[in-house]
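Chains, contacts and geometry: an overview
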Number of protein chains: 4
Amino acid sequence: MQSRTPAGRAGRPRSAAADAAILAATRAALVELGWSGLTLSDVAARAGVAKTTLYRRWAGKNELVVDAVAELFDELRLPDRGSLAADIEGVVLQFAAILARPEAGSGLMGVVAESTRDDALRERIRASIVRRQKRLVLAGRARAEQRGELPPQADPEAAARTVDLIFDMVAGAVVHRALVSAEPADEAWARDFTRVLLRGLTAAG
Amino acid sequence: MQSRTPAGRAGRPRSAAADAAILAATRAALVELGWSGLTLSDVAARAGVAKTTLYRRWAGKNELVVDAVAELFDELRLPDRGSLAADIEGVVLQFAAILARPEAGSGLMGVVAESTRDDALRERIRASIVRRQKRLVLAGRARAEQRGELPPQADPEAAARTVDLIFDMVAGAVVHRALVSAEPADEAWARDFTRVLLRGLTAAG
Amino acid sequence: MQSRTPAGRAGRPRSAAADAAILAATRAALVELGWSGLTLSDVAARAGVAKTTLYRRWAGKNELVVDAVAELFDELRLPDRGSLAADIEGVVLQFAAILARPEAGSGLMGVVAESTRDDALRERIRASIVRRQKRLVLAGRARAEQRGELPPQADPEAAARTVDLIFDMVAGAVVHRALVSAEPADEAWARDFTRVLLRGLTAAG
Amino acid sequence: MQSRTPAGRAGRPRSAAADAAILAATRAALVELGWSGLTLSDVAARAGVAKTTLYRRWAGKNELVVDAVAELFDELRLPDRGSLAADIEGVVLQFAAILARPEAGSGLMGVVAESTRDDALRERIRASIVRRQKRLVLAGRARAEQRGELPPQADPEAAARTVDLIFDMVAGAVVHRALVSAEPADEAWARDFTRVLLRGLTAAG
DNA sequence: GGGTAAGCGAGACGGTACGTCCCGTCTTATC
DNA sequence: GATAAGACGGGACGTACCGTCTCGCTTACCC
């Protein structure tokens, strides 16, 4: 989102309802048409909005899809299933469920593909998706420390590096399994994956 | 590639040089224009070939890019650096180096985005990229068994599951680090990642 | 003009200055942008007036331009140069000078083009421009009768027909010369034209 | 027209039928929609042709309409009605009949309006319409000289000036009568007009 | 070594979406 | 109630690619 009538007062204010309608229409269009089939004219029509309204708020397809997809990942929650392993499995399965929805997979891969040539887009993805979802890793570790499953980490810089690594390992593995290898990221897989990850993080060595 | 003068005989045979020129032109265009900027007219012009020639050999942009990108990953080699950890680090760094090239990252993400709505394309990616590069995991494990770093695995089905899991974990983490988080997958990161992965695979537990 | 605060009293009265500013802005925009480039948003901005103000007073571009152009032709004066021939030449040259200004030529042709499909607009042109400028023909004939250059005309209906004919012949020739043939309607041409016209009107026959 | 595959050979040749279909569709659209309502998308659709095909052959609406309208005036013929006066009346009535058709009047005025800011367009009008129809004046004078109604003109430069003047007077009067004054240019008017014109040209003085 | 069928370059073709611009209306707050 | 400001739904613009087609040439294979 980047709306809000600029500074002060003059003129008709922007419709608040339009933003939500546009993002929902974007996801619906991604479901039906996929990334390359998505056109802004179509999104505008679905949202019951003129193309100008859409372009007044988003610079283009890329920015729009980042926002539409980012909202999807905000649905993720860290469940409390009693143990760190079970919590991780829960998040992995939720994440896999979201990626299995066509709007998420094709939208995410599409904007990542475009971001290789667009610095502003890359930063938008990092801010709206990557940094925002690292909250799950932080929350998971905090809970595990409360439970005594993980020791508190003294060095804050090393802790941050570990958070980044875990996030890339978890998100990367699920994305790759679901979208590149195109195999189901089901409960059995989530269990196997979680076992390897947790051992790697906790084993003496 | 899917050329070869169809069944029999008559008529002028297809130019062998054209295939290679087209794939190289595709990669060059991906570097300059990115996935969405790539047009088949432009590729044909760069390759010094008519559009008809290109369409006679590939069904469209997606198929062409899969083939062009697949060739890039064929450059990957399993180095012999004396230990499994060092071998993995070597492959991770090679993989990261390839993904850092714009033609690889944007091409791979582009076709994966499209593959969410195109079963044939998804299978083409699995065959040309995923299954083909699993050779690296297989070779790594074989060498580690020879060195005695890993025990021979009895159950072939479990072995296959492990190969798949390792491949998704390695490739996924590198792809996510390089393209989604958009942070450098450098030597320090490769060391951290490899330590967690190897402990996860070898620790008692 | 068709303003004037409607019937009675209530509320803020319309700004009188705005009408003049808008018509002047319209002519300025015609000079810079021509008929097709003229937009009402731009006129409003030039006049320092909101679009709503403009639409409250004129129905659209056509009506606005008729009024703006009509004011230009009101500048025409019948000079007293001592003879009917000289008077006609004077008016012809004044008329040509006005049509040479881009706001007049492009504005007039533009609204005439539109008037072929808009009866109200056609009548507005006839009232604001055609009938209003026929005063010049009437004044010229009156003065020529005073001078004894033309005999008084008895039949009022025939007189009206002749006024119409002369008006179309003079205005038509100048417009066609200046805008369609796009050749200069200069003094030499005015002299040639006036000679033919006057002979045609006065010769025995 | 400005088509024709450039120099030599390569590539699919342009469809000859398309040109004619497009010009006819342009006239049909002018009839229904008028100058400002005419859109090139609509013309293309009526002609059963893609917009690209249209833009490949004409630079824009202005050029297209000049060509479409010019063809209308090519229908004009100098009738042989036995006397110069009758011949002129015949041409005047034909010309009035063409201008009464909405495609002619609105198209001609529209392009003339645009030509005030476009030198190339102005020249196109002069070449395709003005200079081309002067043939009628030339033919009329030649026939009148044969009949002995007009003396042969010695000075070729003066003759050219006279042709230009007559053309602007005839065409201008008819255009102004029909489109600006918006009164019928009927037989009575044509007789009155022709009488004045012919007396002006032939009277001693 | 001559005939022929497919490959090839060029580029026109019917389509479709783009992102921009203007239209004429509307909704605010201010005067 | 008129105004300035500007968002709104709508629609045409001219451009760019798409994937197909229609040409005239070229080239290797088969008889």
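Residues numbered from 1 in each chain as written. Chains lettered and ligands numbered in written order. Predicted model: local features only at pLDDT ≥ 70, side-chain atom pairs only at ≥ 80, totals over all residues. Heavy atoms only, no water.

Labelled according to an unreviewed UniProt entry, chain A appears under the name TetR/AcrR family transcriptional regulator, originating from Streptomyces glaucus.

**With respect to the overall build of chain A**
Where we set the bar: Secondary structure elements follow DSSP: runs of H or I no shorter than four residues count as helices, runs of E no shorter than two count as strands, and numbering proceeds from the N terminus. Exposure is judged per residue with a 1.4 Å probe applied to protein chains only, and the accessible area is read against the type maximum: over 50% gives exposed, under 20% gives buried, and values in between give partly exposed. With residues, only the protein chains shown are counted as cover, and all accessible areas are computed by Shrake-Rupley using a 1.4 Å probe.
In terms of helices and strands, chain A carries 9 helices and 0 strands. Each helix and strand of chain A, ordered N terminal to C terminal, gives the series α-α-α-α-α-α-α-α-α. Dimensions of chain A, computed from the C-alpha atoms along their principal axes, are close to 65 × 40 × 30 Å. Counting over 205 residues, chain A shows a buried share of 52%. Here chain A displays about 9,200 Å² of accessible surface, and carbon together with sulfur accounts for 53% of that area.

**A word on the packing of helix H4 (residues 61-73) of chain A against helix H7 (residues 119-147) of chain A**
Residue and element names in this part refer to chain A. The criterion, for reference: Only the stretch in contact is used when fitting a helix axis, every axis being a line fitted to C-alpha atoms; angles between N-to-C directions are given from 0 to 180 degrees. Each angle receives one of four descriptions, namely roughly parallel if under 35 degrees, roughly antiparallel if over 145, roughly perpendicular if within 65 to 115, and oblique otherwise. In what follows, residue pairs with any heavy atoms lying within 4.5 Å of each other are defined as contacts. Each residue receives one of three labels: charged for Asp, Glu, Lys and Arg, nonpolar for Ala, Val, Leu, Ile, Met, Phe, Trp, Tyr, Cys and Pro, and polar for the others, Gly being one of them.
For the pair H4 and H7, the least separation of the axes is 10 Å and the interaxial angle reads 5°. Of the possible angle classes, the one that applies to H4 and H7 is roughly parallel. Contacts between H4 and H7 pair Asn62, Glu63, Val66, Asp67, Val69, Ala70 and Phe73 from the former with Leu121, Arg124, Ile125, Ser128, Ile129, Arg132, Gln133 and Arg135 from the latter. Broken down by class, the residue content of the contact of H4 with H7 amounts to 7 nonpolar, 3 polar and 5 charged.

**Notes on the UniProt feature "domain: HTH tetR-type" (unreviewed entry) in chain A**
This is how the line gets drawn: UniProt positions are given in the numbering used here, feature names are shortened, and annotations may be inferred rather than shown by experiment.
The sites that carry the UniProt feature "domain: HTH tetR-type" (unreviewed entry) are, in the present numbering, residues 16-76 of chain A. Strand forms 0% of residues 16-76 of chain A and helix 82%; the C-alpha atoms that close the span are 25 Å apart.

**Some remarks on the environment of Asp74(C)**
Residue and element names in this part refer to chain C. Short version of the rule: Counted as a polar contact is a pair of N or O atoms within 3.5 Å, where, for protein atoms, one must be capable of donating a hydrogen and the other of accepting one, and residues adjacent in sequence contribute only when both atoms are in side chains.
Secondary-structure assignment places Asp74 in the loop between helix H4 (61-73) and helix H5 (84-100). For Asp74, a relative accessible area of 25% gives the class partly exposed. In the structure, Asp74 is positioned 55 residues away from Ile129 in sequence and 8.5 Å away in space, judged by C-alpha atoms. With sequence-adjacent residues up to four places away left out, Asp74 is seen in contact with Arg132, Gln133 and Arg135. A polar contact is formed between the side chain of Asp74 and the side chain of Gln133, at a distance of 3.1 Å.

**What to know about the relation of the copies chain A and chain B**
The condition that has to hold: Copies overlap after least-squares fitting; the atoms used are the C-alpha atoms of residues with pLDDT of at least 70 in both.
Overlaying chain A with chain B gives an RMSD of 0.1 Å, the required rotation being 180° about an axis along which the chain moves by 0.1 Å. This pairing of chains is accounted for by a two-fold axis. Here 100% of the contact residues of chain A are again contact residues in chain B; the copies associate through an equivalent surface.

**A word on the protein's contact with DNA strand E**
So the rule is basically this: Here, proximity means that at least one heavy atom of the residue falls within 4 Å of the molecule or strand.
Taken together, 41 residues form the shell around DNA strand E, and within it Tyr55(A), Arg57(B), Tyr55(C), Thr53(D) and Arg57(D) come nearest. Within 4 Å of the protein, atoms of DNA strand E come from sugar and phosphate in 61% of cases. Lys51(C) is positioned such that a nitrogen or oxygen atom in its side chain is 3.0 Å from a base oxygen of DNA strand E. Residue Ser15(D) places a main-chain N or O atom 2.9 Å away from a phosphate oxygen belonging to DNA strand E. Those elements giving two or more residues to the surface near DNA strand E turn out to be helix H2 (40-47) and helix H3 (51-57) of chain A, helix H3 (51-57) of chain B, helix H2 (40-47) and helix H3 (51-57) of chain C together with helix H3 (51-57) of chain D. Tallied by class, the residues present in the surface near DNA strand E amount to 11 nonpolar, 16 polar and 14 charged.

**Describing the arrangement of the chains**
The two partners chain A and chain D share no contact, and the minimum distance between any of their C-alpha atoms is 18 Å. Separated throughout, chain B and chain D approach each other most closely at a C-alpha pair spaced 11 Å apart.

**A word on the interface of chain A and chain B**
Interface size, as often reported, equals the accessible area lost upon joining of the parts. Operational definition: A simple way to read buried area is as the amount of 1.4 Å-probe accessible surface that goes missing from two parts once joined, with both sides added. Here, a salt bridge means any Lys or Arg side-chain nitrogen found within 4 Å of an Asp or Glu carboxyl oxygen.
With 47 residues of chain A at the contact, the number on the chain B side is 48 residues. Taken over both partners, the interface formed by chain A and chain B buries close to 4,100 Å², and the fraction arising from carbon and sulfur atoms is 61%. At the surface where chain A touches chain B, the tally comes to 4 salt bridges. Residue Arg161(A) is joined to Asp192(B) by a salt bridge in which the shortest nitrogen-to-oxygen separation is 3.2 Å. Connecting chain A to chain B are 18 residue pairs in polar contact (both at pLDDT 80 or more). For the side of chain A that touches chain B, the secondary structure elements donating two or more residues are helix H1 (16-37), helix H6 (102-115), H7, helix H8 (156-180) and helix H9 (187-202) of chain A. The element that contributes the greatest number of residues to the side of chain A that touches chain B is H8(A), accounting for 13 residues. Grouping the constituent residues of the side of chain A that touches chain B by class yields 23 nonpolar, 12 polar and 12 charged.

**Notes on the relation of the copies chain C and chain D**
Once chain C is rotated about the relating axis by 180° and shifted along it by 0.1 Å, it coincides with chain D to within an RMSD of 0.1 Å. Same-surface contact between copies: 98% of interface residues of chain C are shared with the interface of chain D.

**So, H2(A)**
Residues and elements named next belong to chain A. Heads up, the condition is: Comment: arc refers to directions from the helix axis out to C-beta atoms.
Residues Leu40, Val43, Ala44 and Ala47 constitute the buried set of H2. Projected down its long axis, H2 carries its buried residues within an arc of 100°, all on one side. One or two positions beyond H2, positive phi appears at Gly48, with a value near 65°.

**So, the UniProt feature "DNA-binding region" (unreviewed entry) in chain A**
If you check UniProt for "DNA-binding region" (unreviewed entry), the listed places come out as residues 39-58 of chain A in our numbering. Along residues 39-58 of chain A, the helical share is 75% and the strand share 0%, with 13 Å between the first and last C-alpha atoms.

**Brief notes about the packing of aromatic side chains**
Definition in use: Only centres within 6.5 Å qualify two rings of Phe, Tyr or Trp (six-membered ring in Trp) as a pair; their planes then separate them into stacked at under 30 degrees, edge-to-face at over 60, and tilted for everything else. Remark: a charge is flagged as sitting over a ring if the NZ atom of Lys or the CZ atom of Arg is within 6 Å of the ring centre and within 35 degrees of the ring normal.
As enumerated under the stated definition, the model contains 8 aromatic pairs over all chains in all. Judged by centre distance (5.7 Å) and plane angle (65°), the ring pair of Phe73(A) and Phe95(A) falls under edge-to-face. Linking Phe73(A) in helix H4 with Phe95(A) in helix H5 (residues 84-100), this pair joins segments that are 22 residues apart in sequence. Look at Phe95(A) and you get buried, because its relative accessible area is 9%. Residue placement shows Lys61(B) over the ring face of Trp35(B); its charged tip is 4.7 Å from the ring centre.

**With respect to the interface of chain C and chain D**
If you look at the interface, chain C gives 48 residues, while chain D gives 47 residues. Summing the contributions of chain C and of chain D, the shared interface buries around 4,000 Å²; its carbon and sulfur component is 62%. Here chain C and chain D share 4 salt bridges between them. The closest approach of N and O atoms between Arg177(D) and Asp168(C), which form a salt bridge, is 3.9 Å. Counting the contacts that link chain C with chain D gives 18 residue pairs in polar contact (both at pLDDT 80 or more). Put simply, the parts of the chain that give the side of chain C that touches chain D at least two residues each are helix H1 (16-37), helix H6 (102-115), helix H7 (119-147), helix H8 (156-180) and helix H9 (187-202) of chain C. With 13 residues, H8(C) is the single largest residue contributor to the side of chain C that touches chain D.

**As for the confidence of the model for chain A**
Worth spelling out the cut-off: Note on scores: pLDDT gives the predictor's confidence for each residue, bounded by 0 and 100.
Considering every residue of chain A, the mean pLDDT works out to 93; 95% of them sit at 70 or more. Predicted confidence for residues 1-7 of chain A stays below pLDDT 50, and this span has 13 contacts to residues more than four positions away or in other chains.

**Topic: helix H4 (residues 61-73) of chain D**
Quick reminder: α-helices carry 3.6 residues per turn. Residues three or four places apart thus point the same way. Residue and element names in this part refer to chain D. This is how the line gets drawn: One less than the number of residues in a helix, times 1.5 Å, gives the span that helix is expected to have.
With 13 residues, H4 extends 19 Å between its outermost C-alpha atoms, agreeing within 8% with the 18 Å of an ideal straight helix rising 1.5 Å per residue. Residues of H4 that are buried include every one of Asn62, Glu63, Leu64, Val65, Val66, Asp67, Ala68, Val69, Ala70, Leu72 and Phe73, and no others. Next to the buried residues of H4 lie helix H1 (16-37), helix H2 (40-47), H3, helix H5 (84-100), helix H6 (102-115) and helix H7 (119-147).

**Some points on the environment of Val130(C)**
Summarising the element assignment, Val130(C) is placed in helix H7. For the pair Val130(C) and Ala120(C), spaced 10 residues apart in sequence, the C-alpha separation works out to 14 Å. The contact partners of Val130(C), leaving out residues within four places of it in the chain, are Ile125(C), Phe167(C), Val180(D) and Ser181(D).

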